[in-house]
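One letter stands for each residue in the lines below.
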Amino acid sequence: RYPKALLHTEDPPTLLYVRGKPELLDTPSLAIVGSRNASPQGCQTARAFAKSLADSGFSIVSGLALGIDSAAHEGALETANPAVSTIAVIGTGADRLYPARNKELAQSIVEKGVIVSEFPLGTPAAAANFPRRNRIISGLSRGVLVVEAALQSGSLITARLAGEQGREVFAIPGSIHSPLSKGCHQLIRQGAKLVETATDILEE
């Protein structure tokens, strides 16, 4: 029952702890990631893209953080497509919840989607765990969409790992005056596909 997509990555976890529906780990998946301190417009965009892509048959992978991640999970949970849902890859033990503000969202994901961790039960939140879990987010996915990201955003780590794993990288552009656009613009300069609609991703 180990997800096949992860087996084709350089450093797959030895085992996974799972809460929810493990069969979702082998559905076609796309990751949506971005800033924890996202703008309301960024969250609205992530939510709309997630629902549209889920409606089109993709499970949505993200990291259960505040901001863009939460919006992506929420959008995917709104789909009426019974074959897919959302996959939350977390940086704590599967029996821990971080951040606590996402308690209700996490419960909805356990009921309709799946929560995944490589860390042993009881593992608390630690800064080093989150970049490590990013390789699982990208590894489960056919591509990664970055919605809003500053230049120091952890989302850029996920995008870099996606490129190294042979996954597609997508980025949504924004205002040249917004710090939350600079990470996305850097990705586009480096070859990420500029995305304006979900159709741009589906065509790729």
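Residues numbered from 1 in each chain as written. Predicted model: local features only at pLDDT ≥ 70, side-chain atom pairs only at ≥ 80, totals over all residues. Heavy atoms only, no water.

Caption draft 1: Expanded view of the nonpolar core. With 25 residues, the main nonpolar core has Val61, Ile87, Val89, Leu140, Val146 and Leu187 as its most contacted residues. It is helix H6 (residues 155–164) that provides the largest number of residues to this core, a total of three residues. When sequence neighbours within four positions are dropped, the list of residues in contact with Ile87 reads Leu24, Leu25, Ser29, Ser59, Ile60, Val61, Ser62, His73, Val114, Val116 and Leu140. Judged by nonpolar contacts, the second largest core, of 20 residues, contains Ala38, Ala46, Leu53 and Ile172. (Core = buried A, V, L, I, M, F, W, Y, C linked by side-chain atoms within 4.5 Å. Buried < 20%, exposed > 50% of the residue type's maximum accessible area, 1.4 Å probe, protein only. Helix = DSSP H or I, 4+ residues; strand = E, 2+ residues; numbered from the N terminus. Contact = heavy atoms within 4.5 Å.)

Caption draft 2: Looking closely at the pattern of salt bridges. This structure, assessed with the given rule, holds 10 salt bridges. We note a salt bridge from Glu74 to Arg47, for which the minimum N-O separation is 3.0 Å. On the criterion of sequence distance, the pair formed by Glu74 in helix H3 (residues 68–77) and Arg47 in helix H2 (residues 40–55) is long-range, its members being 27 residues apart. Taking the relative accessible area as the measure of exposure, Glu74 reaches 29% and is therefore partly exposed. (Salt bridge = Lys/Arg side-chain N within 4 Å of Asp/Glu carboxyl O.)

Caption draft 3: Here's a closer look at unusual backbone geometry. With an omega of -5°, the peptide bond running from Tyr98 to Pro99 counts as cis. The topology assignment puts Pro99 in the loop between strand S4 (86–89) and helix H4 (103–112). Of note in the backbone geometry, Leu64 takes a positive phi value of approximately 60° without being a glycine. Relative to the assigned elements, Leu64 resides in the loop between strand S3 (59–62) and H3.

Caption draft 4: Expanded view of H4. Of the positions making up H4, those classed as buried are Leu105, Ala106, Ile109 and Val110. Looking straight down H4, one finds its buried side chains confined to an arc of 140°; they lie on one side. Residues Lys103, Glu104 and Glu111 are exposed on H4 and point more than 90 degrees away from its buried face. Tucked into the core, H4 has its buried residues touching strand S1 (17–20), H3, S4 and strand S5 (114–117). (Arc of directions from axis to C-beta.)

Caption draft 5: Looking closely at the packing of aromatic side chains. Evaluated as defined, the whole model comprises one aromatic pair. Judged by centre distance (5.7 Å) and plane angle (45°), the ring pair of Tyr98 and Phe130 falls under tilted. Placement of Tyr98 in the loop between S4 and H4 and of Phe130 in helix H5 (residues 129–139) is noted, with a sequence separation of 32 residues between them. Owing to a relative accessible area of 13%, Phe130 belongs among the buried residues under this scheme. Its guanidinium or amino end placed over the ring of Phe130, Arg36 lies 5.9 Å from that ring's centre, counting from NZ or CZ. (Phe/Tyr/Trp six-rings, centres within 6.5 Å; stacked < 30°, edge-to-face > 60°. Lys NZ or Arg CZ within 6 Å of the ring centre and 35° of its normal.)

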